[in-house]
Amino acid sequence: MTTVFSAVINIRSINPFILVRASHANAIKPGWRKPLPVLVRINGKPAKACRINMMPVGNGSFYLYLNGDIRKTSGTSVGDRVRVEIDYDASYRNGPQHPMPKWFKQALARSPKAKKNWMALIPSRKKEILRYFSRLNSPDARARNLAKALHVLSGESGRFMARAWKNGS
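Let me sum up the structure you'll find in this document.

Definitions and limits used
Residues numbered from 1 in each chain as written. Predicted model: local features only at pLDDT ≥ 70, side-chain atom pairs only at ≥ 80, totals over all residues. Heavy atoms only, no water. Helix = DSSP H or I, 4+ residues; strand = E, 2+ residues; numbered from the N terminus. Buried < 20%, exposed > 50% of the residue type's maximum accessible area, 1.4 Å probe, protein only. Contact = heavy atoms within 4.5 Å. Areas by Shrake-Rupley, 256 points an atom, 1.4 Å probe, with all protein chains shown as cover. Lys, Arg positive; Asp, Glu negative; His and termini not counted. Charge placed at Lys NZ, Arg CZ, Asp CG, Glu CD. Pairing = 2+ DSSP bridges. Salt bridge = Lys/Arg side-chain N within 4 Å of Asp/Glu carboxyl O. Axes fitted to C-alpha atoms, helices over the stretch in contact; angles between N-to-C directions. Core = buried A, V, L, I, M, F, W, Y, C linked by side-chain atoms within 4.5 Å. Phe/Tyr/Trp six-rings, centres within 6.5 Å; stacked < 30°, edge-to-face > 60°. Lys NZ or Arg CZ within 6 Å of the ring centre and 35° of its normal.

This brings us to the overall build of the protein. Scanning the protein from terminus to terminus reveals six helices and nine strands. A principal-axis box enclosing the C-alpha atoms of the protein has dimensions of 55 × 35 × 30 Å. Per-residue burial for the protein yields a buried fraction of 36% across its 169 residues. Excluding contacts between residues fewer than 6 apart, the proportion of contacts in the protein whose partners are at least 24 apart in sequence is 65%. A total accessible area of about 10,200 Å² is found for the protein, and carbon and sulfur atoms account for 53% of it. A distance of 7 Å separates the average location of the 31 positive side-chain charges in the protein from that of its 8 negative side-chain charges.

One ladder, built from six bridges, connects strand β1 (residues 3-8) with strand β7 (residues 81-88); its direction is antiparallel. Pairing of Phe-5 across the sheet is with Val-84, part of β7. Pairing of strand β4 (residues 36-42) with β7 involves five bridges; the strand directions are antiparallel. Looking across to β7, one finds that Val-40 is bridged to Ile-86.

In the structure shown here, the tally under the stated rule is five salt bridges. The partner of Arg-125 in a salt bridge is Glu-128, with the nearest N and O atoms 3.6 Å apart. Here Arg-125 and its partner Glu-128 are both found in helix α5 (residues 123-134), three residues apart, which amounts to about one turn of the helix. Note that Arg-163 is salt-bridged to Glu-128, the shortest N-O span being 2.9 Å. Note that Arg-163 is positioned in strand β9 (residues 163-165) and Glu-128 in helix α5, a separation of 35 residues in sequence. Each of Arg-41, Arg-83 and Glu-85 takes part in salt bridges that share partners, so that together they form one network.

The next thing to look at is the sheet that holds β7. The pairing of strands in a sheet happens through backbone hydrogen bonds and is either parallel or antiparallel. Sheet architecture is open: seven strands sit in the order β1-β7-β4-β5-β6-β3-β2, paired in antiparallel fashion. Each end of this open sheet is capped by a strand with a single partner; those strands are β1 and β2 (10-12). On average, each strand axis in the sheet is tilted by 45 degrees relative to the strand beside it, whichever way the strands run. Where strand β3 (residues 15-20) and strand β6 (residues 62-65) come together, four bridges link them in antiparallel fashion. Along β6, the bridge assignment pairs Phe-17 with Tyr-65.

Counting residues in each nonpolar core, the largest one holds 21 residues, and the members touching the most others are Ile-18, Val-20, Met-54, Leu-64, Val-84 and Ile-86. Going through the elements one at a time, β1, β3, α1 (22-28), β4, β5 (45-56), β6 and β7 are the ones with two or more residues in this core. Among the elements that make up this core, the one with the highest residue count is β4 (four residues). If we ignore the near neighbours within four places in the chain, the residues touching Ile-86 are Met-1, Thr-2, Thr-3, Phe-5, Val-20, Ile-28, Val-38, Leu-39, Val-40, Met-54 and Leu-64. Core analysis: the second largest hydrophobic core is formed by 18 residues, Phe-104, Leu-136, Phe-160 and Trp-165 among them.

Aromatic ring pairs: the centre-centre distance and the angle between the two ring planes describe each pair. Scanning the entire structure with this criterion turns up 12 aromatic pairs. Considering the side-chain rings of Tyr-63 and Tyr-65, the 5.7 Å spacing of their centres and the 35 degrees angle between planes classify their relative orientation as tilted. Of the residues examined, Tyr-65 reaches a relative accessible area of 22% and is grouped as partly exposed. Taking the centre distance of 6.3 Å and the plane angle of 45 degrees together, the rings of Tyr-132 and Phe-133 count as tilted. With a relative accessible area of 2%, Phe-133 lands in the buried category. Through pairs of rings, three or more aromatic residues link up here, namely Trp-103, Phe-104, Trp-118, Tyr-132, Phe-133, Phe-160 and Trp-165. For Lys-29, the ring lying beneath its charged end belongs to Tyr-88, and the centroid distance is 4.6 Å. In this arrangement the basic side chain of Lys-34 is found over the ring face of Trp-32, its NZ or CZ atom lying 5.2 Å from the centre.

Right, dumping it as structure tokens:
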């Protein structure tokens, strides 16, 4: 059942979002308190609803973060009042899995310590890194990020992906 309401697009830090009140969230999936997979349309766009995870606020409400694609498709920006259509995404099973890039697999094969630490990472961290790597377009960006990843996965202290790493994790 589709939940429909109107809301204003706000911004939190650099992230545009819509606050989905607890009453609306309960209409989507009663009692849910963790990230909630939903199908969303803003002002009737896109034609096929976009899959997004709503993030819990802590009081029963959720943040519905709006990426650039959905804002562009719907012709909206921060401050606009929009019509929101949300359905629970019952087909969600773990999100997209990105394959390990060949250049990363080869680098891990050459560094046993980095590979050991990679294998010890929690699945969500691996998924986050592989998703990040899948979006790198230029050879320079790949090389820079590969060097950072191998540095921290080899047990050295450093920063990678907005995190402080120590001892390979």
